[in-house]
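A closer look at the structure
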Amino acid sequence: YLGIDPANSGAAVLLHNRTAVVSVVWSPCTRNKRKAFKLHLLEFTNDRVLEREVIVRHPAAIGREVSLACRNYASKLEESSVQFFITTEDAYVGRNAKTGLLVARFGGQVSGVCEADLDSKSLWGLAAAWRAKILRLPAFTKRAKAKAVSMAVIPKWAKNVDAIIKRCGELDHITDAVGVA
């Protein structure tokens, strides 16, 4: 299961048997005076953690790096064929519709490439829906409380999430990606 929390700063986490096996965490940066994204990729194999950083210019390139990391992990499994299930957190449209549209476009670019590369259709879900199911939070829980609960519960729910947080920082994008998966 691949969970994607798409935003300017976001994350994608691949779960296998309730264990985070691949994570890609990104944030905006500037490279040669142009907007870019710094990606922090982690792959958990056996007792090792493969770690690397990549700079890309476009949201679609984030999707490419996510799908390449997922394919790389799948190639090491003994199973002859691996089917990916992709779930992407849907954009929230609040008071500022323009921001909601920008996040939706960004998410479409990231997950669209993953869909094509991994030959799987992405399911889109609202944050409130997965938070109600996984975290047992009411629909209109304030973001600060939802973040605190997510950061406390998700690392206990899925293996390796605490290691990702330790290496990438206490970012709720990581726990959101796991939750949506």
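Notes on the structure in this doc start here. (Residues numbered from 1 in each chain as written. Predicted model: local features only at pLDDT ≥ 70, side-chain atom pairs only at ≥ 80, totals over all residues. Heavy atoms only, no water.)

**Side note on the overall build of the chain**
Across its full length, the chain carries six helices and seven strands. Its helices and strands in sequence order give the chain the pattern β-β-β-β-β-α-β-α-β-α-α-α-α, from N to C terminus. What you see for the chain is a C-alpha radius of gyration of 15 Å, in line with the 16 Å of a compact globule of 181 residues. On the principal axes, the C-alpha backbone points of the chain span a range of 45 × 40 × 30 Å. The buried share of the chain, taken over its 181 residues, is 47%. Residue pairs in contact within the chain that sit at least 24 positions apart in sequence constitute 53% of those at least 6 positions apart. As displayed, the chain has an accessible area near 10,200 Å², and 52% of this comes from carbon and sulfur atoms. (Helix = DSSP H or I, 4+ residues; strand = E, 2+ residues; numbered from the N terminus. Rg over C-alpha atoms; globule rule 2.2 N^0.38 Å. Buried < 20%, exposed > 50% of the residue type's maximum accessible area, 1.4 Å probe, protein only. Contact = heavy atoms within 4.5 Å. Areas by Shrake-Rupley, 256 points an atom, 1.4 Å probe, with all protein chains shown as cover.)

**Observations regarding the nonpolar core**
Formed by 26 residues in total, the largest nonpolar core has its most connected members in Leu2, Ile4, Leu14, Trp26, Leu39, Ile62 and Val66. Counting only elements with at least two residues in this core, the list comes to β1 (2-5), β2 (10-16), β3 (19-31), β4 (34-45), β5 (48-56), α1 (59-75) and α2 (97-118). At seven residues, α1 tops the list of elements feeding residues into this core. Apart from residues lying up to four places away in sequence, leucine 14 is in contact with Tyr1, Leu2, Thr19, Ala20, Val21, Val22, Cys70, Tyr73 and Phe84. Core analysis: the second largest hydrophobic core is formed by 23 residues, Leu42, Ile154, Ile174 and Val180 among them. (Core = buried A, V, L, I, M, F, W, Y, C linked by side-chain atoms within 4.5 Å.)

**Quick notes on the environment of threonine 88**
Its place among the elements puts threonine 88 in strand β6 (residues 86-89). Considered as a pair, threonine 88 and alanine 128 are 40 residues apart in the sequence and their alpha carbons are 13 Å apart. Leaving out residues up to four positions away in the same chain, threonine 88 has contacts with Ile4, Pro6, Ser111, Ser122, Leu123, Trp124, Gly125 and Val180. Within polar-contact distance, the side chain of threonine 88 engages the side chain of serine 122 at 2.8 Å. (Polar contact = N/O pair within 3.5 Å; in protein donor to acceptor, adjacent residues only side chain to side chain.)

**Overview of the sheet that holds strand β7 (residues 122-125)**
In spatial order, the strands read β5-β4-β3-β2-β1-β6-β7; together these seven strands make up an open sheet with mixed pairing. Across the chains shown, the open sheet's two edge strands, defined by having one partner strand only, are β5 and β7. Averaged over all adjacent pairs, the angle separating strand axes in this sheet is 20°, with direction ignored. As paired elements, β4 and β5 share nine bridges and run antiparallel to each other. Across the sheet, phenylalanine 44 pairs through a bridge with valine 49, a residue of β5. Packed onto the sheet, helix α5 (residues 161-168) meets β3, β4 and β5 and runs at close to 140° relative to β4. Contacts from helix α6 (residues 172-180) reach β1, β2, β3 and β6 within the one sheet, and its direction differs from that of β2 by about 45°. (Pairing = 2+ DSSP bridges. Axes fitted to C-alpha atoms, helices over the stretch in contact; angles between N-to-C directions.)

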